[in-house]
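Working through the structure, step by step
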Number of protein chains: 2
Amino acid sequence: MRIPKHIGIIPDGNRRWAMFNSMTKDKGYQHGINPGLEVFKLCQKEQVEEVTFYGFTVDNTKRPKDQTIAFTKACIDSVILLTKEDCEILVLGNTESNCFPVELLPFTTRRKFGNGGIKVNFLINYGWEWDLNLLKNSSASNKNIQRYIHSKDISRIDLIIRWGGRRRLSGLLPIQAVYADFYVLENYWPDFKTKDFYNALAWYDEQDVTLGG
Amino acid sequence: MRIPKHIGIIPDGNRRWAMFNSMTKDKGYQHGINPGLEVFKLCQKEQVEEVTFYGFTVDNTKRPKDQTIAFTKACIDSVILLTKEDCEILVLGNTESNCFPVELLPFTTRRKFGNGGIKVNFLINYGWEWDLNLLKNSSASNKNIQRYIHSKDISRIDLIIRWGGRRRLSGLLPIQAVYADFYVLENYWPDFKTKDFYNALAWYDEQDVTLGG
């Protein structure tokens, strides 16, 4: 089976899951922490080299306070959980805003935990405009783009998996996503099942790779 | 029904259609011209304000010569056909390369035909890196991105429809596509049916619009 080198995860549907389960919207996020750990372990098992979790964006921080507090806490807890595993963590996002949690500042350069190995990226207070605006600091003679954006340490994505049924990228790493294959699951992220992951891999295995050619 | 203001069209599957119909790959493209005109007329009828056709990319020009000649001709013919209609045409792509057809140079600033109305964009010898590299000429203090890229005259896309079953953007306007809903049809582009378009619109009507919020 052809395994993607880099998988992007869009863990959507936490609020809809909470409402469906008679909770207030903010209560959904904490139920998304374990699915994240499970996906990480499956990636590790299948020798995926890099996985990126779409934590929260600058756009998201305009939501009601109880929700922003809840998803920020869920993201912090998710990163801390992964420090107990063998991996190399990078947290990427706009640290110059109050919305970036100080607890995650130590992870803004990639750090190795345990025996290292798989790279895990968390996008935290990430914004696609923030990411790409750095290009304006670069010389026009520098042909490459990827090397001159904030997310330069995150590689091209092969497969994006989105939970919660929506068929859009919602600003996830526009440069790394240009050639990515996009797989959407209807179930909400807190209802993650192991077979979701393997269905996505099986589908990816059937796709060709042209990189636009 | 909620009609998208701007639809992006990825007319994929011409070569697979040709092979399926016992032709050489290059013969598929000419069968994609009429579907383009049909989609245009449907957009016009449903009062879509802008439609973008993914003609060919810098990546595509690395294909065998008979294919590049065939898709270039099909794109030229498609644009010329539309000059008989009421619309405002813009052809966008890297004109500094030999792969850009001289026949389409007159359309590289938007021109009105007939009574004007719907904007039609053709991406011809387009490259996402070429598009975004222009950002490097901009001052870092210019916050907006869209305004400083080559495709600045093309608006945000609401709905992308792709024929031919592949679930990827393949470098289509990464900035305008960040929040776009993405609808994929399994049939090849030359097998376009009117119901493809209406199925996409019906699906789009069921989506919410959050713009990342």
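Residues numbered from 1 in each chain as written. Chains lettered and ligands numbered in written order. Predicted model: local features only at pLDDT ≥ 70, side-chain atom pairs only at ≥ 80, totals over all residues. Heavy atoms only, no water.

This is how the line gets drawn: UniProt positions are given in the numbering used here, feature names are shortened, and annotations may be inferred rather than shown by experiment.
Where an unreviewed UniProt entry is consulted, chain A appears under the name Di-trans-poly-cis-decaprenylcistransferase UppS, with the organism given as Clostridium saccharoperbutylacetonicum N1-4(HMT). Listed under Sequence similarities (unreviewed entry) in UniProt, the entry text for chain A is "Belongs to the UPP synthase family. Z-FPP synthase subfamily."

**Description of the relation of the copies chain A and chain B**
Two copies of the chain are present, and they differ by a rotation about an axis and a shift along that axis. Put simply, the rule is: Least-squares superposition aligns the copies on the C-alpha atoms of those residues with pLDDT at or above 70 in both. Contact criterion: two residues are considered in contact whenever any of their non-hydrogen atoms come within 4.5 Å of each other.
Each copy of the sequence occupies a distinct position, and chain A is placed on chain B by a rotation of 180 degrees and an axial shift of 0.0 Å, giving an RMSD of 0.0 Å. These values place the two chain copies in the arrangement generated by a two-fold rotation axis. When C-alpha distances to the rotation axis are compared across chain A, the minimum falls at A:Lys136, with a value of 2.2 Å. When the interface residues of chain A are mapped onto chain B, 100% of them again fall at the interface, so both copies present the same face.

**Re unusual backbone geometry**
The test is simple: Secondary structure follows DSSP: runs of H or I at least 4 residues long count as helices, runs of E at least 2 residues long count as strands, and numbering of each begins at the N terminus. Burial status follows relative accessibility: with a 1.4 Å probe on protein chains alone, a residue under 20% of its type maximum counts as buried, one over 50% as exposed, and anything between as partly exposed.
A positive phi angle, near 50 degrees, is found at A:Asn125, a position not held by glycine. As for its placement among the helices and strands, A:Asn125 is situated in strand β5 (residues 119-126). On the accessibility criterion, A:Asn125 (2% relative accessible area) is buried. Located in the positive-phi region is B:Ser22, a residue other than glycine, with phi close to 60 degrees. Looking at where B:Ser22 falls in the secondary structure, it is placed in the loop between α1 (14-20) and α2 (33-45). The class of B:Ser22 is exposed, set by a relative accessible area of 71%.

**A closer look at the packing of helix α2 (residues 33-45) of chain A against helix α5 (residues 194-206) of chain A**
The geometry of a pair of packed helices is captured by two quantities: the angle between their axes and the separation between those axes. Residues and elements named next belong to chain A. Worth spelling out the cut-off: Orientation is described by lines fitted to C-alpha atoms, with helices fitted over the stretch in contact, and by angles between N-to-C directions that extend from 0 to 180 degrees. Oblique is the label for any angle not covered by the other classes, which are roughly parallel (under 35 degrees), roughly antiparallel (over 145) and roughly perpendicular (65 to 115). Take the far helix as your reference; a near helix turned counterclockwise from it by less than a right angle gives a left-handed crossing, and one turned clockwise gives a right-handed crossing. Charged residues are taken to be Asp, Glu, Lys and Arg, nonpolar residues to be Ala, Val, Leu, Ile, Met, Phe, Trp, Tyr, Cys and Pro, and polar residues to be all remaining types, Gly included.
Close contact between α2 and α5 brings their axes to 10 Å; oriented N to C, the two are set at 45 degrees. When the axis of α2 is compared with that of α5, the two are oblique. As for how α2 packs across α5, the hand of that crossing is right-handed. Taking contact as the criterion, the partners of Glu 38, Leu 42, Cys 43 and Lys 45 in α2 are, on α5, Thr 194, Phe 197 and Tyr 198. Here the residues of the contact of α2 with α5 are counted per class, giving four nonpolar, one polar and two charged.

**Quick look at the interface of chain A and chain B**
The condition is simple: As a working definition, buried area equals the accessible area (1.4 Å probe) given up by two parts on being put together, with both sides summed. Each reported salt bridge corresponds to a side-chain nitrogen of Lys or Arg within 4 Å of a carboxyl oxygen of Asp or Glu. Counting of polar contacts relies on pairs of N or O atoms within 3.5 Å, with two restrictions inside protein: one atom must be capable of donating a hydrogen and the other of accepting it, and residues adjacent in sequence are counted only when both atoms are side-chain atoms.
Taken together, the contact between chain A and chain B spans 40 residues of the former and 40 residues of the latter. Both faces combined, the contact of chain A with chain B buries some 3400 Å², and carbon together with sulfur accounts for 49% of it. Its largest share of buried area at the contact with chain B, chain A owes to A:Lys136, A:Arg167 and A:Arg168, together 22% of the area lost on that side. Scanning the region where chain A abuts chain B turns up six salt bridges. The closest approach of N and O atoms between A:Asp181 and B:Arg168, which form a salt bridge, is 2.9 Å. The interface formed by chain A and chain B includes 24 residue pairs in polar contact (both at pLDDT 80 or more). The set of elements that each furnish at least two residues to the side of chain A that touches chain B consists of α4 (128-133) and β7 (181-184) of chain A. A class-by-class count of the residues in the side of chain A that touches chain B yields 15 nonpolar, 14 polar and 11 charged.

**Brief notes about the sheet that holds β7(A)**
Residue and element names in this part refer to chain A. Using the following cut-off: Whether two strands pair comes down to DSSP finding at least two bridges between them.
The strand order β4-β3-β5-β2-β1-β6-β7 describes an open sheet built from seven strands, whose pairing is mixed. At either end of the open sheet lies a strand with only one pairing partner, and these are β4 (111-113) and β7. Mean inter-strand twist for the sheet, computed between neighbouring axes without regard to direction, equals 20 degrees. Sheet analysis places strand β1 (residues 6-10) next to strand β2 (residues 50-57), joined by four bridges and oriented parallel. Within β2, the position partnered with His 6 by the bridge is Glu 50. Against the sheet, α2 touches β1, β2, β3 (87-92) and β5, its axis set at about 160 degrees to β2. Of the strands in this sheet, β2, β3 and β5 touch helix α3 (residues 65-82), which is tilted by about 160 degrees from β5.

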